[in-house]
Amino acid sequence: MTKRLACPPVPGPLEDYAAQFDTLFGSLAQRRGFRAYLQGLLLPRDRNKTLTALAGAEPVVGAQHAAVQGLQWYLSESSWDADKVNQHRLQLLCGDPATRPHDQGVLVIDDSGDRKAGGRTAHVARQWLGSLGKTDNGIVAVSSLWADERVYWPIGVVPYTPASRLPKGKRDPGFRTKPQQAAALVQAARQAGICFRAVVADCFYGDNEGFTEALGHAGVAFVLAVKPRKGVWAPAEETHTPQEAARQLAWGGPERPGDWTPVVRRFRDGHTETWWAADARLPAAGWGPDRRLRLVVATTDPVRLPKLTTWYLVTNLAHPQRRRARAAFPPADLAEVVRCYSLRNWVEQGYKQVKHELGWADFQVRSDRAIRRHWQLVCCAFSFCWRAWF
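Residues numbered from 1 in each chain as written. Predicted model: local features only at pLDDT ≥ 70, side-chain atom pairs only at ≥ 80, totals over all residues. Heavy atoms only, no water.

### Details of the overall build of the chain
No. 1: Of the regular secondary structure elements, the chain holds twelve helices and ten strands.
No. 2: Dimensions of the chain along its principal axes, counting C-alpha atoms only, are 75 × 45 × 40 Å.
No. 3: Looking at the 390 residues of the chain, the share that counts as buried comes to 52%.
No. 4: The contacts of the chain with a sequence gap of at least 6 include a subset with a gap of at least 24, amounting to 59%.
No. 5: For the chain, the accessible surface area stands at approximately 19600 Å², while carbon and sulfur atoms represent 51% of it.
No. 6: Taking the average place of the 52 positive charges on the side chains of the chain and the average place of its 37 negative ones, the gap between the two points comes to 5 Å. (Helix = DSSP H or I, 4+ residues; strand = E, 2+ residues; numbered from the N terminus. Buried < 20%, exposed > 50% of the residue type's maximum accessible area, 1.4 Å probe, protein only. Contact = heavy atoms within 4.5 Å. Areas by Shrake-Rupley, 256 points an atom, 1.4 Å probe, with all protein chains shown as cover. Lys, Arg positive; Asp, Glu negative; His and termini not counted. Charge placed at Lys NZ, Arg CZ, Asp CG, Glu CD.)

Here it is, written out as structure tokens:
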């Protein structure tokens, strides 16, 4: 067997991290490409982290530079498996006591879109882009993230392919909705041995019955937001929406809270906020503290129910006082339900870091394989930051 050639090291602790992936790359060029790509993502730049920026070359005119062409080949043509790289990254995170997942963390599901011009890049089409808050030409990724009060890191990511990009549209065998992709990401996380208290997601997923049913059939706990005006059919005199159900709860002020319970939220910078939470009833939807699904309302003001600081949450975590012969999950009081959903905010913080600092959407490749590889390498760079931090 030919002796493996030594790879020129990169500076500092990045070499120790990169060396743990060497067995996944069959050639010296691949090992060098892995190191150069991570180093380029991590270094501060005054422009977008395109391939020329990663290689430190001049924009446009430097595109034919050997270092730039080497990264282009590594990302688009080289024969390495991005899924195996991601699996190994997760093994390293799970093996490190500082980042190891535990059953009090949560699995956050979300999607995010970024603008991309043209129509020849895989998965790019006119669709809703959350980063812009409007429909535009771009690409969307559905992702999963593990988080607790201290750390958070990405688990998996898949591109969403709009029906307009497929030959038969929504009837195409390859078409998958975002909730379907999200359910697959949850299953992949469980297969990877990542434990969590519950799956949390915003109202796009909470309002999707197929997603909640998939989690229920898989035996997964969840805390999902629903829209305040998500209506269900009921007689006119009954409650129809989560917001109406919240209005039915008794409140006499902080000294006489009635149906509401104070919940103290503690933030990473040390400050605290007092919210109010309650179990509401929406019989027409089958939600209540004594039902299989609970409707929990959390807010800063039970009178006004302000839009930006009021959550309407549906969960299958049982009420502590509900008696069941065989509970699928440990029961959760109101503070625990609010705690779980509050950890969803880490996915928004993660987007800021991977997009503003690590070049998540700065790729200039067109193939599906190259895009997936770029995202996995960004995830590796993000995970290295936690390793360096601790």
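### A word on the packing of aromatic side chains
No. 1: Scanning all chains against the criterion turns up 20 aromatic pairs.
No. 2: The side chain of Lys-116 reaches across the aromatic face of Phe-363, ending 4.0 Å from its centre.
No. 3: Just above the ring of Trp-275 sits the side chain of Arg-265; from NZ or CZ to the centre is 4.8 Å. (Phe/Tyr/Trp six-rings, centres within 6.5 Å; stacked < 30°, edge-to-face > 60°. Lys NZ or Arg CZ within 6 Å of the ring centre and 35° of its normal.)

### A word on the layout of surface pockets
With a probe scaled to a water molecule rolled over the atoms, the places where space remains empty come into view.
No. 1: As a volume, the largest pocket reaches approximately 750 Å³.
No. 2: Taken together, 27 residues form the lining of the largest pocket, with Glu-149, Tyr-152, Arg-268, Trp-346 and Gln-349 sitting closest to its centre.
No. 3: When residues of the lining of the largest pocket are traced back to their parent elements, those giving at least two are β7 (261–266), α10 (334–342), α11 (345–356) and α12 (368–389).
No. 4: In terms of residue class, the lining of the largest pocket is made up of 16 nonpolar, four polar and seven charged. (1 Å grid on protein atoms, 1.4 Å probe; cavity = no way out; pocket = protein on both sides within 12 Å on 5 of 7 lines; lining within 4 Å. Points joined across faces, edges and corners; volume = space filled by probe spheres on them. Nonpolar A, V, L, I, M, F, W, Y, C, P; charged D, E, K, R; others polar.)

### Some details on the pairing of strand β8 (residues 272–280)
No. 1: Relative to β8, β7 is paired through six bridges, and the arrangement is antiparallel. Along β8, the bridge assignment pairs Arg-265 with Glu-273.
No. 2: Here β7 folds back onto β8 in antiparallel fashion, the turn holding five residues, of which Gly-270 has a positive phi close to 105°.
No. 3: The pairing of β8 with strand β9 (residues 294–299) spans five bridges and is classified as antiparallel. Bridge pairing in β9 places Ala-278 opposite Val-297. (Pairing = 2+ DSSP bridges.)

### Comments concerning the side chain of Lys-116
No. 1: With respect to the secondary-structure elements, Lys-116 resides in the loop between β1 (106–115) and β2 (125–129).
No. 2: With no salt bridge to any partner, buried Lys-116 finds its closest opposite charge in Asp-362, at an N-O distance of 6.1 Å.
No. 3: A polar contact of 2.7 Å, which involves the side chain of Lys-116, links it to the backbone oxygen of Ala-361.
No. 4: When residues no more than four places from it in sequence are discounted, the contact partners of Lys-116 are Val-124, Asn-137, Gly-138, Ile-139, Ala-361, Asp-362 and Phe-363. (Salt bridge = Lys/Arg side-chain N within 4 Å of Asp/Glu carboxyl O. Polar contact = N/O pair within 3.5 Å; in protein donor to acceptor, adjacent residues only side chain to side chain.)

### Looking at the environment of Glu-149
No. 1: Tracing the backbone shows Glu-149 in the loop between β3 (134–147) and β4 (152–160).
No. 2: Glu-149 sits 173 residues away from Arg-322 along the chain, and the two C-alpha atoms are 28 Å apart.
No. 3: Setting aside chain neighbours within four positions, we find Glu-149 in contact with Arg-268, Arg-339, Leu-343 and Trp-346.
No. 4: A polar atom in the side chain of Glu-149 sits 2.8 Å from the side chain of Arg-339.

### Some remarks on empty space enclosed by the protein
No. 1: Taken as a whole, this structure holds two cavities of 30 Å³ or more when the rule is applied.
No. 2: In this structure, the largest cavity occupies an estimated 160 Å³ of space.
No. 3: Residue lining of the largest cavity: 13 residues in total, with Ser-143, Leu-145, Pro-154, Tyr-351 and Val-354 positioned closest to the centre.
No. 4: Looking at the lining of the largest cavity, the elements that each hand over two or more residues are β3, β4, α11 and α12.
No. 5: The greatest single-element share of the lining of the largest cavity, amounting to four residues, is contributed by α11.
No. 6: A per-class count over the lining of the largest cavity returns nine nonpolar, four polar and no charged.
No. 7: Reported here for the second largest cavity is a volume of approximately 30 Å³.
No. 8: If you trace the second largest cavity, you find it lined by Tyr-37, Lys-49, Thr-50, Leu-51, Leu-75, Asp-362, Phe-363, Gln-364, Val-365 and His-374.
No. 9: Of the residues belonging to the lining of the second largest cavity, the class tally is five nonpolar, three polar and two charged.

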